[in-house]
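# Working through the structure, step by step
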Amino acid sequence: MHPVEILRPLLLEAFMALYGQTPDAESLVLTPTRKEFEGDYTLTVFPLVRLSAESPEQTASRLGEWLKANASGQVRSCSVVKGFLNLSLQGRVWQDWVDAMMASPLPEFPATGEKVLVEFSSPNTNKPLHLGHVRNILLGWSMYHLLSRTGHQVFRVQVINDRGIAICKSMLAWQKFGHGATPSTSGLKGDHFVGDYYVRFDQAVNEEYKSWQSSPEAEDIWK
């Protein structure tokens, strides 16, 4: 059961217990909580005040207190922002939802005959790997499975050790400034070692350009 389908009957029960009335299902407007606030889903309380005969803030506060007292197994915390009730669900609710989806048989789709190429993660060879690469791998893997399940013939590729202009910059900077250094002699991981010379190239170019701007050649160009 989707978390929203759990929250709706709880909110209806809370409203009935507090105000002796059951609002229309359309009055329970639940949306994902905005990123700047804590919560999973937000209840817009304004449509309910005609039945509660209280201010939006009072209605939201009373509903939140009822949920914390009577539905702690599903609702972890509540917060009120003006006329909005932000609801945070227990982790178990999300886990049960995922478990139910995993246990459900997936629909079968006929083959489309369409070929799709999904490239991931193809990391940059002169920068250290980080958590963002893991994100890209998971996104690519998910896209591969989704497209495969919907009947496409999916090819997975990644560009390994792509030697473009960026790695050339690192190589040139190492030749000019490295003095024979290696990852072992510098005590750095290989990706950090290469990345440092990529940065050093950019610094050298900026220094050279700044010096050139005050040269006679540059002055002639800007005249």
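Criteria and cut-off values
Residues numbered from 1 in each chain as written. Predicted model: local features only at pLDDT ≥ 70, side-chain atom pairs only at ≥ 80, totals over all residues. Heavy atoms only, no water. Helix = DSSP H or I, 4+ residues; strand = E, 2+ residues; numbered from the N terminus. Rg over C-alpha atoms; globule rule 2.2 N^0.38 Å. Buried < 20%, exposed > 50% of the residue type's maximum accessible area, 1.4 Å probe, protein only. Contact = heavy atoms within 4.5 Å. Areas by Shrake-Rupley, 256 points an atom, 1.4 Å probe, with all protein chains shown as cover. Lys, Arg positive; Asp, Glu negative; His and termini not counted. Charge placed at Lys NZ, Arg CZ, Asp CG, Glu CD. Phe/Tyr/Trp six-rings, centres within 6.5 Å; stacked < 30°, edge-to-face > 60°. Lys NZ or Arg CZ within 6 Å of the ring centre and 35° of its normal. Pairing = 2+ DSSP bridges. Axes fitted to C-alpha atoms, helices over the stretch in contact; angles between N-to-C directions. Core = buried A, V, L, I, M, F, W, Y, C linked by side-chain atoms within 4.5 Å.

## Description of the overall build of the chain
In terms of regular secondary structure, the chain is built from 9 helices and 6 strands. A compact globule built from 223 residues would reach a C-alpha radius of gyration of about 17 Å, whereas the chain, at 29 Å, exceeds it by more than 25%. Along the longest, intermediate and shortest principal axes, the C-alpha atoms of the chain span 85 × 55 × 40 Å. Counting over 223 residues, the chain shows a buried share of 29%. The contacts in the chain between residues at least 6 apart in sequence include a share of 58% that link residues at least 24 apart. For the chain, the exposed surface amounts to about 14800 Å²; the carbon and sulfur share of it is 58%. In the chain, 21 positive and 24 negative side-chain charges are present, and the distance between their average locations comes to 3 Å.

## Focus: the packing of aromatic side chains
One pass over the structure, following the stated rule, counts 7 aromatic pairs. Through a chain of ring-to-ring contacts, the aromatic side chains of Tyr-41, Trp-94 and Trp-97 assemble into a single cluster. Cation over ring: Arg-156 sits above Tyr-144, and NZ or CZ is 3.9 Å from the ring centre. In this arrangement the basic side chain of Arg-200 is found over the ring face of Phe-177, its NZ or CZ atom lying 4.1 Å from the centre.

## What to know about the pairing of strand β4 (residues 84-89)
Here β4 lies mainly inside the structure; 5 of its 6 residues are buried. Relative to β4, strand β2 (residues 41-44) is paired through 4 bridges, and the arrangement is antiparallel. Each bridged residue has a counterpart across the sheet, and for Tyr-41 the counterpart in β4 is Leu-87. With 6 bridges joining them, strand β3 (residues 75-81) and β4 adopt antiparallel strand pairing. Following the sheet pairing, Val-75 is matched in β4 by Leu-89. Linkage of β3 to β4, two consecutive antiparallel strands, is achieved through a turn of 2 residues, within which Lys-82 is found at a positive phi near 55 degrees.

## Points about the sheet that holds β2
Spatial ordering of the open sheet is given by β1-β2-β4-β3, a layout of 4 strands whose pairing is antiparallel. The outermost strands of the open sheet, each flanked by one partner alone, are β1 (29-32) and β3. Looking at each pair of strands side by side, their axes are set apart by 25 degrees on average, direction ignored.

## Quick look at the nonpolar core
The biggest cluster of nonpolar side chains holds 26 residues, and the ones touching the most others in it are Leu-30, Leu-43, Leu-67, Leu-85 and Leu-87. Secondary structure elements with two or more residues in this core: α1 (3-19), β2, α3 (56-70), β3 and β4. Examining the composition of this core, we find that 8 residues originate from one element, α1, more than from any other. Every residue in contact with Leu-30, bar those within four places of it in the chain, is listed here: Val-4, Leu-7, Arg-8, Leu-11, Tyr-41, Thr-42, Leu-43 and Leu-87. Within the second largest apolar cluster, 6 residues are counted, among which are Val-116, Tyr-144, Leu-147 and Val-154.

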